[in-house]
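Understanding the architecture of this molecule
This is what each chain is made of:
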Amino acid sequence: MTQTLEKLKENYEEKYGFHDPETAVFRTEKGLNETVVRQISKIKGEPEWMLNNRLKALNAFIEKKMPTWGADLSTIKFDEITYYLRPTDKPGNTWEEVPDEIKNTFEKLGIPEAERKFLGGVGAQYDSESVYHKLNKKLEEQGVVFLDMDVGLKKYPEIVKKYFGTVIPIADNKFAALNTAVWSGGSFIYVPKGVHVDIPLQAYFRINAKNFGQFERTLIIADEGSSVHYVEGCTAPVYSTDSLHAAVVELIALKDAKIRYTTIQNWSNNVYNLVTKRAYAYEGAVVEWIDGNLGSKITMKYPSVFLLGRGAKADILSIAFAGSGQHQDAGGKAVHMASDTTSTIISKSISMGTGRATYRGQLRVDKGAQNVKSQVNCDALLLDETSKTDTYPYIEIEDETATIGHEATVGKIGEDQIFYLTSRGLKESEAKAMIVQGFIEPFTKLLPMEYAIELNRLIQLEMEGSVG
Amino acid sequence: MHRCGEELPGLLLMKASKLEIKDLYASIDGKQILKGVNLTITKGEIHALMGPNGSGKSTLSAVLLGHPKYKVDSGDILLDGESVLTMKTDERAKRGLFLAFQYPMEIAGVNYLTFLFTAAKAQRDEPKLSLLNFRKEVLEKLKAIELTPTFLERYLNQGFSGGEKKRAEILQMMVFNPSLAVLDETDSGLDVDSLKIVSKAINTMHGQDFGCLLITHYHRILNHIKPDIVHVMVDGKIVATGDQSLAEEIEHKGYQAMQKAAI
């Protein structure tokens, strides 16, 4: 078992787990206090209101207790973490402008290649700051804005001030408060009325430093009748000490707009991934969270949609892969506050080794929200005897006109299924990978093809590691 | 150039010409099912294996491919003289052994064509096999088995009717082109038309490079496929071997008479 785990780690280490020497141009001292928060704000040259926001958030973070209802977070050493680290003073609009070492990292991760092939825009963040940002010309001409959040605040202060923290308030939860206090980087997207961004925009988040905290902040506003597909990916080096990633993502889909937000989270197994993601969907709007969690030590993430206008729709598809030493506590949340709104939450988890996958979800229908339709499905697959899964579905229905469906299954890969596939010449690991790939096919089919291929490849690697 | 420990595709893909089952005893959960089976099949021959329910026919097919639930207690299974007992299931398949399942497994979310392609690549020594060319090849075979191309877009055996599952097993046999196939009750549950289609496909495969063991309850399929040798299995043992007249005898007298004769 140890050997196979080693192999898994090597695979990750080779492809994603490498690290560059730390050559930050500026970093705050270890630990978190008011000075650190003021330093971050100052180096960014922010407006006063944002600094005040941060300070309020810092207080909220300190006052709020650690959540104990979910995964075990007691081992996070907040004082050991560096909260801000500026890798370079010169973010680029071309890859040539990006410092060589950092550029090479992203080359190795295949980002510039993906950009050339199929993306409409790319943002690349390295530790605390964006190092590269580019939107294709056609989209720029249509008035689409795709910037890193810091530049967004400088260029569009009114829009940011109007929406920042409105979907996820400062004191929403301890980690949202932490993010608000020390946020840096992330994406700011505005899609004008009626504009359809039909090729995905992507942001890639890379942690390089040790004992580090990354706190990106993303705000996406899709104006009336517009649509956009945003994809984010992330990886980090393998270290023996822990890092922390606590992002906040706010989506606003105005009347008849559509946002699809796809995540392929593949942090190294020493990262705590504690993320708050929430969307407002107005009349006729559609919000889709396509949330894939493969990496991290502990993930707690429940992408949410508040359905605020008649006919709004939420689709949440959450996939979690919990390998040895990992706890994926994931799910989704739909809050129906208007009539004729619909939601589906589909969760699929796979656990192996000592891995544990938890589904935690909430469905709420407010009084007066009529003819709501919702379906919640959670399927768990256990690959061996040692892995674990649990399910916490919370359902609160206050309007009797709602139509609600809920199904949950727990399964194992059957010996007979493996026998069938191996009798066709597949190795046991290939057979298992095929069954797992089939299990998460509802997720994979929604990804851009390149990601689907990459995801299937990752699963194959995991399976090779699992068959001793 | 091959690194040490890497499988040599040339060697791997030598398909076996002869299957020998020697005094085979096998059990499941401590219960002995096979009690001394002897049988030899050479490429080019069609053997029919008949027998009542519970006589061990399906167990034999599972044991031949190495199902982990079954334990071989003694005896041997040889492919071209080499014991397969230490070979994994996929290695046996790569040596040209194929099993058409009586109850093919349903696997959700796995596209049929993707499955066929992945398995064909595992079995064949054709590193440059492209999906496009492979698809063309499969489409030809689909026609022979009278399935429509949309079939390839479906999930592996999921929601297939009983007849479709059986036909799909024969499609796989045509695609993987084994040298020795075990067909476990491929005829049960088939209507007259499907039985004809399946039989025709098996007859098309029949030739110098293909041998098969046709497991069946009924004489019916033997009106379409002419076996060279017929065996009767009762209580984990082959109790009679003969030509097609043996199958006809069973049809008239039933298995019970055979069983008594064996005792």
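Because the structure is predicted, anything quoted here is derived from the model rather than measured.

Parameters and conventions
Residue positions are given per chain, counting from 1 as you read along its sequence in written order. Each chain gets a letter, beginning with A, and each ligand a number, beginning with 1, in the order they are written. With the structure being a predicted model, the display of local features is reserved for residues of pLDDT at least 70 and the display and counting of side-chain atom pairs for 80 or more, all residues being used for whole-chain, interface and lining totals. Note on geometry: axes are C-alpha line fits, over the in-contact stretch for helices, and angles between N-to-C directions span 0 to 180 degrees. The helix and strand labels rest on DSSP assignments: H or I over at least four residues marks a helix, E over at least two residues marks a strand, and numbering proceeds from the N terminus. Note on angle classes: values under 35 degrees are labelled roughly parallel, values over 145 roughly antiparallel, values of 65 to 115 roughly perpendicular, and the remainder oblique. Crossings are classed by handedness, with left-handed meaning an anticlockwise turn of the near helix from the far one by less than a right angle and right-handed meaning a clockwise turn. Each residue is represented by a C-beta atom placed from its backbone, and any two residues with such atoms within 7 Å are regarded as in contact. The rule for pairing is simple: two strands pair if DSSP sees at least two bridges between them. As used here, a nonpolar core is made of buried Ala, Val, Leu, Ile, Met, Phe, Trp, Tyr and Cys residues. They are joined through C-beta atoms within 7 Å. Any residue surrounded by 20 or more other C-beta atoms within 10 Å of its C-beta is treated as buried, while 12 or fewer makes it exposed and the intermediate range makes it partly exposed; C-beta atoms here are placed from the backbone. Under the scheme applied here, ten amino acids are nonpolar (Ala, Val, Leu, Ile, Met, Phe, Trp, Tyr, Cys and Pro), four are charged (Asp, Glu, Lys and Arg), and all others, including Gly, are polar.

**Topic: the packing of helix 2 (residues 34-44) of chain A against helix 3 (residues 48-63) of chain A**
Residues and elements named next belong to chain A. Contact pair helix 2 / helix 3: the axes reach a minimum separation of 10 Å and the direction vectors enclose 155°. As summarised for this structure, helix 2 and helix 3 are arranged roughly antiparallel, according to the angle between their axes. In this structure, helix 2 meets helix 3 at a crossing whose hand is right-handed. Counted together, Glu34, Val37 and Ser41 of helix 2 and Met50, Leu51, Arg54, Leu55 and Leu58 of helix 3 form the full contact between these two elements.

**Some points on the sheet that holds strand 2 (residues 31-42) of chain B**
Sheet strands associate in pairs through backbone hydrogen bonding, adopting either a parallel or an antiparallel arrangement. Residue and element names in this part refer to chain B. Taken together, four strands build an open sheet; the order of strands is 2-1-4-5 and the sheet is antiparallel. The open sheet is flanked by strand 2 and strand 5 (82-83), the only strands paired with a single partner. Sheet analysis places strand 1 (residues 18-28) next to strand 4 (residues 70-79), joined by eight bridges and oriented antiparallel. Following the sheet pairing, Ser27 is matched in strand 4 by Lys71.

**Digging into the nonpolar core**
Core analysis: the largest hydrophobic core is formed by 213 residues, its most contacted members being Ala253(A), Ala281(A) and Val287(A). Among all residues touching Ala253(A), those that are not within four sequence positions of it are Ala222(A), Lys258(A), Ile259(A), Ala279(A), Tyr280(A), Ala281(A), Tyr282(A), Ala285(A), Val286(A) and Val287(A).

**Looking at the packing of helix 4 (residues 112-123) of chain B against helix 5 (residues 131-144) of chain B**
Helices that pack against each other are described as a pair by the angle of their axes relative to one another and the distance between those axes. Residues and elements named next belong to chain B. Their axes nearest at 11 Å, the elements helix 4 and helix 5 cross at an angle of 105°. In terms of axis orientation, helix 4 runs roughly perpendicular to helix 5. Contacts between helix 4 and helix 5 involve Leu113, Leu116, Phe117 and Ala120 from the first element and Leu131, Phe134, Arg135 and Val138 from the second. Residues of the contact of helix 4 with helix 5, tallied by class, amount to seven nonpolar, no polar and one charged.

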